[in-house]
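Notes for the structure review
What follows is each chain in one-letter form.
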Amino acid sequence: QVFTLLAHFNGPRFLGAAIDSVRAHTLTSWEMILVDDASTDASLTIAREASAGDGRIRVLAQSVNRGPAAARNRALEDARGEWIAIFDSDDVMAPERLARLLERARAHGARIVADNQLICSADLTPERRFLSPRNARAVETADIALFIQSSRLYSSYPDLGFLKPMFHASLLDQTGARYMETLRVGEDFHFMLRLLAGGEQVSIDPRPLYFYRKHSASISHRLGGETISRMIAADDAFAQSAVLAACARQALGRRIEGLKTWAAY
């Protein structure tokens, strides 16, 4: 069984389509946990109406806005499936996505899988693939060193931290991984670092089964000075606490230096 986790705050325009795309899946053994992070608009009402009558969907409401990391951590506490899939509430998924990711995990003996993304406009008009065919071949299997390398300034690879993983639930207990609640941007990257730190690799399907909706309210593009400072602090803390091979530690050092350059600029 796959648990799909959604964290949501404001922006009801795309929420119904996101929920509908999960309900349309060819895989039927799924459940969804949607955590509304104290939205101040009609989001919570829309979420409850869209999920009405479907016992596979649970809507949880935060009383105070604490950010996407805290909302996802609350969803992780309630997830009971064998596999957990991360999903953003303004995006949509192809109907076969979860089934394809499960097939890949079993075929490759992987406990973390992800897929390519189709970058779309706000109305879901396709613009480009996140991973070009060449890049998709180069990163079909990524360890922690490659994952970090892809995220640093001037990397030759697209930032793999933008991909939405599906992972085996046993990794939560094994690694103790949770989202860093001090981060409101880059929390997905640090969560994946913790999943990969024990030697796991992520197997990446080159097919674009995840449709990333690009619009003006996307928080991943809001990188002010305070945001970058928190990312640097999180990287420093991870560097001090994690046991890393030399290549991964070097990549992390270069990422930190790149963030410092970005902050200075």
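Relevant structure appears above.
Residues numbered from 1 in each chain as written. Predicted model: local features only at pLDDT ≥ 70, side-chain atom pairs only at ≥ 80, totals over all residues. Heavy atoms only, no water.

Two elements in contact, helix α9 (residues 225-241) and helix α10 (residues 246-264), have axes whose closest approach is 10 Å; the angle formed by their N-to-C orientations is 160°. Taken together, α9 and α10 sit at an angle that is classed as roughly antiparallel. Crossing angle aside, the handedness with which α9 passes α10 is left-handed. For the pair α9 and α10, contact is made by Ile228, Met231, Ile232, Asp235, Asp236, Phe238 and Ala239 and by Arg249, Leu252, Arg255, Ile256, Leu259, Lys260, Trp262 and Ala263, respectively. Of the residues in the contact of α9 with α10, the class split is 10 nonpolar, no polar and 5 charged. (Axes fitted to C-alpha atoms, helices over the stretch in contact; angles between N-to-C directions. Helix = DSSP H or I, 4+ residues; strand = E, 2+ residues; numbered from the N terminus. Parallel < 35°, antiparallel > 145°, perpendicular 65-115°, else oblique. Left-handed = near helix turned anticlockwise from the far one by under 90°. Contact = heavy atoms within 4.5 Å. Nonpolar A, V, L, I, M, F, W, Y, C, P; charged D, E, K, R; others polar.)

Turning our attention to empty space enclosed by the protein. Take a probe with the size of a water molecule and roll it over the atoms, and the empty space left behind shows itself. All told, the structure shown has 1 cavity of 30 Å³ or more when counted by the stated rule. Counted as a void, the largest cavity has a volume near 50 Å³. Tallied by class, residues from the lining of the largest cavity come to 9 nonpolar, no polar and no charged. (1 Å grid on protein atoms, 1.4 Å probe; cavity = no way out; pocket = protein on both sides within 12 Å on 5 of 7 lines; lining within 4 Å. Points joined across faces, edges and corners; volume = space filled by probe spheres on them.)

Ranked by size, the top nonpolar core spans 72 residues in total, and within it Leu5, Ile84 and Phe167 carry the most contacts. Trp83, Ala85, Leu98 and Leu102 belong to the second-largest nonpolar core, a separate cluster that totals 11 residues. (Core = buried A, V, L, I, M, F, W, Y, C linked by side-chain atoms within 4.5 Å. Buried < 20%, exposed > 50% of the residue type's maximum accessible area, 1.4 Å probe, protein only.)

Attention now goes to the packing of aromatic side chains. Applying the stated criterion to the full structure yields 5 aromatic pairs. Geometrically, the ring pair formed by Phe147 and Phe189 is stacked, given 5.3 Å between the ring centres and 10° between the ring planes. With Phe147 in helix α6 (residues 144-151) and Phe189 in helix α8 (residues 187-196), this residue pair connects regions lying 42 residues apart in the sequence. Phe189 shares its class with Phe147; the two are buried. (Phe/Tyr/Trp six-rings, centres within 6.5 Å; stacked < 30°, edge-to-face > 60°.)

Okay, the packing of helix α1 (residues 15-23) against helix α2 (residues 43-51) next. Two elements in contact, α1 and α2, have axes whose closest approach is 9 Å; the angle formed by their N-to-C orientations is 25°. Relative to α2, the element α1 is oriented roughly parallel. Of the two elements, α1 crosses α2, and the hand of that crossing is right-handed. Residue-level inspection shows Leu15, Gly16, Ile19 and Arg23 of α1 in contact with α2, the latter providing Ser43, Ile46, Ala47, Ala50 and Ser51.

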